[in-house]
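Architecture and fold: a report
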Number of protein chains: 2
Amino acid sequence: MIQTLLFVALGGALGSALRYLVNITLPRLVGHGFPYATMTVNVLGSFAMGVLVVVLAMKGGTRFAPFLMTGILGGFTTFSAFSLDAAKLVETGEIGTAAVYVLGSVGLGLAALFAGMAFARGFFA
Amino acid sequence: MIQTLLFVALGGALGSALRYLVNITLPRLVGHGFPYATMTVNVLGSFAMGVLVVVLAMKGGTRFAPFLMTGILGGFTTFSAFSLDAAKLVETGEIGTAAVYVLGSVGLGLAALFAGMAFARGFFA
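Note that the structure is a prediction, hence the values are computed from the model and not measured. (Residues numbered from 1 in each chain as written. Chains lettered and ligands numbered in written order. Predicted model: local features only at pLDDT ≥ 70, side-chain atom pairs only at ≥ 80, totals over all residues. Heavy atoms only, no water.)

**Focus on the UniProt feature "binding site: Na(+)" (unreviewed entry) in chain A**
Short version of the rule: UniProt positions are given in the numbering used here, feature names are shortened, and annotations may be inferred rather than shown by experiment. Numbering goes from the N terminus for both helices and strands, where a helix is a DSSP run of H or I of at least four residues and a strand is a run of E of at least two. Relative accessibility thresholds used throughout: buried, under 20% of the residue-type maximum; exposed, over 50%; partly exposed, between the two (1.4 Å probe, protein chains only). We call two residues contacting when some pair of their heavy atoms lies within 4.5 Å.
UniProt feature "binding site: Na(+)" (unreviewed entry): in the numbering of this structure it lies at A:G74 and A:T77. Summarising the element assignment, A:G74 is placed in helix α3 (residues 65-76). Judged by its relative accessible area of 1%, A:G74 is buried. The contact partners of A:G74, leaving out residues within four places of it in the chain, are A:M69, B:R19, B:G74, B:G75, B:T77, B:T78 and B:S80. Looking at the element boundaries, A:T77 is found in the loop between α3 and α4 (80-91). On the basis of relative accessible area, A:T77 is assigned to the buried category, the value being 0%. The contact partners of A:T77, leaving out residues within four places of it in the chain, are A:R19, A:V41, A:N42, A:G45, B:G74, B:T77, B:T78, B:F79 and B:S80.

**A closer look at helix α4 (residues 80-91) of chain B**
How we decide: Expected helix span is taken as 1.5 Å per residue step, with the number of steps being one fewer than the number of residues.
The terminal C-alpha atoms of α4(B), which comprises 12 residues, lie 16 Å apart, in line with the 16 Å expected from a rise of 1.5 Å per residue. Those residues of α4(B) that sit buried are B:S80, B:F82, B:S83, B:L84, B:D85, B:A86, B:A87 and B:L89. In this structure, the buried residues of α4(B) make contact with α2 (36-58), α3 and α5 (95-124) of chain A together with α2 (36-58) and α5 (95-124) of chain B. Directly after α4(B), the chain includes B:G93, whose backbone phi takes a positive value near 80°.

**What to know about the packing of aromatic side chains**
Which entries qualify depends on this criterion: Two aromatic rings, drawn from Phe, Tyr or Trp (for Trp, its six-membered ring), form a pair once their centres lie within 6.5 Å of each other, and the interplanar angle then sorts them: stacked below 30 degrees, edge-to-face above 60, tilted otherwise.
Inspection of every chain in the model, using the stated rule, returns 17 aromatic pairs over all chains. Ring centres 5.3 Å apart and planes at 75° place the aromatic pair A:F82 and B:F79 in the edge-to-face group. You can see A:F82 sitting in helix α4 and its partner B:F79 sitting in the loop between α3 (65-76) and α4, one on each of two chains. In this structure, A:F82 and B:F79 share a single accessibility class: buried.

This is the structure we're talking about:
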């Protein structure tokens, strides 16, 4: 269990660092008006999760799940920043934007995960 | 920037390891039928985010935000496992449970964040 915990921690460090790099890079490219950065990591991470859950199961590689899924993707994606982004929009009265952000993140995240699974099944089948 | 990145990575490692411990402990206590573990870390992490965003701003401690918020809470909470949990429930036809899980996570997460902010404002004001 200690070894698995260390793999999760290492993956979490890498995923979180990568999320931070997206956080400081993306707003410079697309502006600060909408929380695109958190939405992007969450949707991309959900797609990658869909790919991995299929590939690791197909290839018998579920021993890599703690590092790749719980660690890297768990660290790369975030729910607390998602809640904070939505709360900030609600507090400034941007209710419509908050709704677009919340429904967009959840809807696109779920769609991306199913897309990732379909992609992996088509590509690796 | 490198130093901040290292603080984010260290926080992400700690937060992700803590999430893993909840993941392996909680289902033993409350059962495996519903993804309580991911919901719990996401709601708790949103509450802590609400507390921290107020406390760090009040106490002039925003330099700790990369380690505590982006790192620990970013690593502790997860959106990719949230999407995977929801997708699994949809795939097994448990649409009602999926809806409860998604709406519950988002609604309780947002409520917890506002509760955390109110708690911090009342306690530290």
